[in-house]
Each structure stands twice: as C-alpha cells, then as structure tokens.
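What follows is each chain in one-letter form.
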Amino acid sequence: MPRLEDHCWSCSCASETKHSSSGANWLASKAEEMMTIITSVLSNAYGSLHDVRTVNLIRRGLVLFTVGAFLALVLNLLQIQRNVTLFPEEVMTTLFSSAWWIPPCCGTGAAVVGLLYPCLDSHLGEPHKFKREWASVMRCIAVFVGINHASVKLDFDNNVQLSLTLAALSLGLWWTFDRSRSGFGLGITTAFLATAFTQLLVYNGVYQYTAPDFLYVRSWLPCIFFSGGVTVGNIGRQLAMGCVEKPHND
C-alpha cells in the first residue's frame, strides 16, 4: 500500500513538473514573439524616420543650390557689366555672357554652407531663434544684393575706403539678421575659403579682376563672401526650421 501511494505521488509530481515546464516554454516563445514584433516595428519606424530626414536634407540642399546659383548668375552679370571681372572672349559668347561653371560652383557652396548652419547650431546646443521668419530672410537677401550692388556702383578715392565701407555693411547685415557666434564664425570661414579659392582661379588665368589690390583680387571680395555666407545660412536655418515644425503642426 505505501508503495502504491509513493507511485501515485511520483506520478502527480512528474505531471506537475511537465505541465510547469510546458507553461514556461509557452511563455518564453510568446515573449520571444513579442520581442520580434517590437524590434520589427522599431526598425520600420527608424527606417521611415531616416528616410524622411534624408528627403528633407536633399530638398533643402536643392533649394539652397538653386538660390545660390541664381544669385551668382545675377551678381556676376552685374560685375561683368561694370567691368569689375574680366573673362576670356570665348567664355563671353556663351549663354548669359557668363562662365557656365560659376552658378554650379556657387550653388554647391551655398548648399554646403546653408546645411552647415543648422547643423552647427544643433551641435553647439544653441538653437537660433533671432528673427526667424521668411520676411526677415527676404530682407537679408535684399541687403546682400544691395551690398553687391554697392561694390560696383560706389566710387571712392581708393579701394581701402570702399573695403571698409563694405566691411561695415557686412557686419551690419550679420548684426541685423543673425547675431550668433556660429553665424559669425562660419561667415569668416566662408570668406576665407572662398577668397582663397578665387585667388587660385585668378592665379591660374581662369579670369581676372580689374585693378586688383589684394594679391590677385579686390580687397572688398571677402566682405561679399562673408555677407553671402550669412545670407545663405539664414535661408538654411529657415528651411530647417520649416522641416522641423511641419510634423508638429500636423
């Protein structure tokens, strides 16, 4: 009789152990299935977010490229008409009487600078919120075009006075529409690199400036590049702000 009870007890313990082990396996399989679903959902969400950011980045770059190419074409024609820059005769017979490579080069530079401004603001943790509206951006573009127009229209006794005047106007543009350390630093960097690149082009005979007084170029050229960097930076910031605020408004 005791042996029968022991046998029944052992059978019941074995069945309970088997039942508990099967329950644990079922829970483990369900947990693994849930983790797979969650991982798949997160991966799809990250991929969609990455795609949206990539599309926004390309869209902003194309807008900046178009603006930079258009401004370069218009302002370069103004300098050619005033005989500030001289190109070879075979170049002048092409479309719009200007060098074909100037708009693409300036458009690419505008896209790079315009995309760097919001990236640097985000990296420094200093979001730029000073006069962040399209009306201010359009006024900044108008002032930039005015500075370029003044560089070929104003007549001074010497180029030093003209350069100082344009430097003051460029700093005034930065103070009026930017006032950020990142904007000032990137403007100075843009002016230095663009002036060095222009010096290289003129040195190799691609084109030339009349009456150069700063190595091979005019001394006011860095002021133009500085104000141009601040202008496309403001455009890039406004485009980046529009891409960020659009999902929030929806």
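As a starting point, this report considers the structure included with it. Quantities reported herein were computed from a predicted structural model and do not represent experimental measurements. (Residues numbered from 1 in each chain as written. Predicted model: local features only at pLDDT ≥ 70, side-chain atom pairs only at ≥ 80, totals over all residues. Heavy atoms only, no water.)

Considerations on the packing of aromatic side chains
Let me state the cut-off plainly: Pairing of aromatic rings covers Phe, Tyr and the six-membered ring of Trp, with a centre-to-centre limit of 6.5 Å; geometry is then stacked below 30 degrees between planes, edge-to-face above 60, and tilted otherwise. In this scheme, a residue with accessible area under 20% of its type's maximum is buried, one over 50% is exposed, and one in between is partly exposed, where area comes from a 1.4 Å probe on protein chains only.
One pass over the full model with this rule turns up three aromatic pairs. Seen in terms of ring centroids, W174 and W175 are 6.0 Å apart; in terms of plane orientation they differ by 55°. Their pairing is tilted. Residue W174 is classed as buried on the basis of its relative accessible area, which comes to 15%. The exposure class of W175 is partly exposed, given its relative accessible area of 49%. Here a set of aromatic residues connected by ring pairs shows up, and it is made of W174, W175, F184 and F226.

Digging into the nonpolar core
What counts here: The nonpolar core is taken to be a set of buried Ala, Val, Leu, Ile, Met, Phe, Trp, Tyr and Cys residues, with the residues joined through side-chain atoms within 4.5 Å. Secondary structure is summarised from DSSP: a helix means a run of H or I of at least four residues, a strand means a run of E of at least two, and numbering begins at the N terminus for each. Any two residues whose heavy atoms approach within 4.5 Å are treated as being in contact.
Within the largest apolar cluster, 38 residues are counted, with the highest numbers of intra-cluster contacts made by L166 and L173. Those elements giving two or more residues to this core turn out to be α1 (2–81), α3 (102–124), α4 (134–153), α5 (159–177), α6 (181–203) and α7 (221–249). For L166, the residues in contact, after removing those within four places along its chain, are I147, A150, S151, W220 and C223.

A word on the pattern of salt bridges
Put simply, the rule reads: Here, a salt bridge means any Lys or Arg side-chain nitrogen found within 4 Å of an Asp or Glu carboxyl oxygen.
For the coordinates displayed, the defined rule picks out two salt bridges. The salt bridge partner of D121 is R237, with a shortest N-O separation of 2.7 Å. Of the two residues, D121 is situated in helix α3 and R237 in helix α7; the sequence distance between them amounts to 116 residues. For D121, a relative accessible area of 5% translates into the label buried. By relative accessible area, R237 is classed as buried at 4%. Salt-bridge contacts for D178 lead to R237; the nearest nitrogen and oxygen are separated by 3.1 Å.

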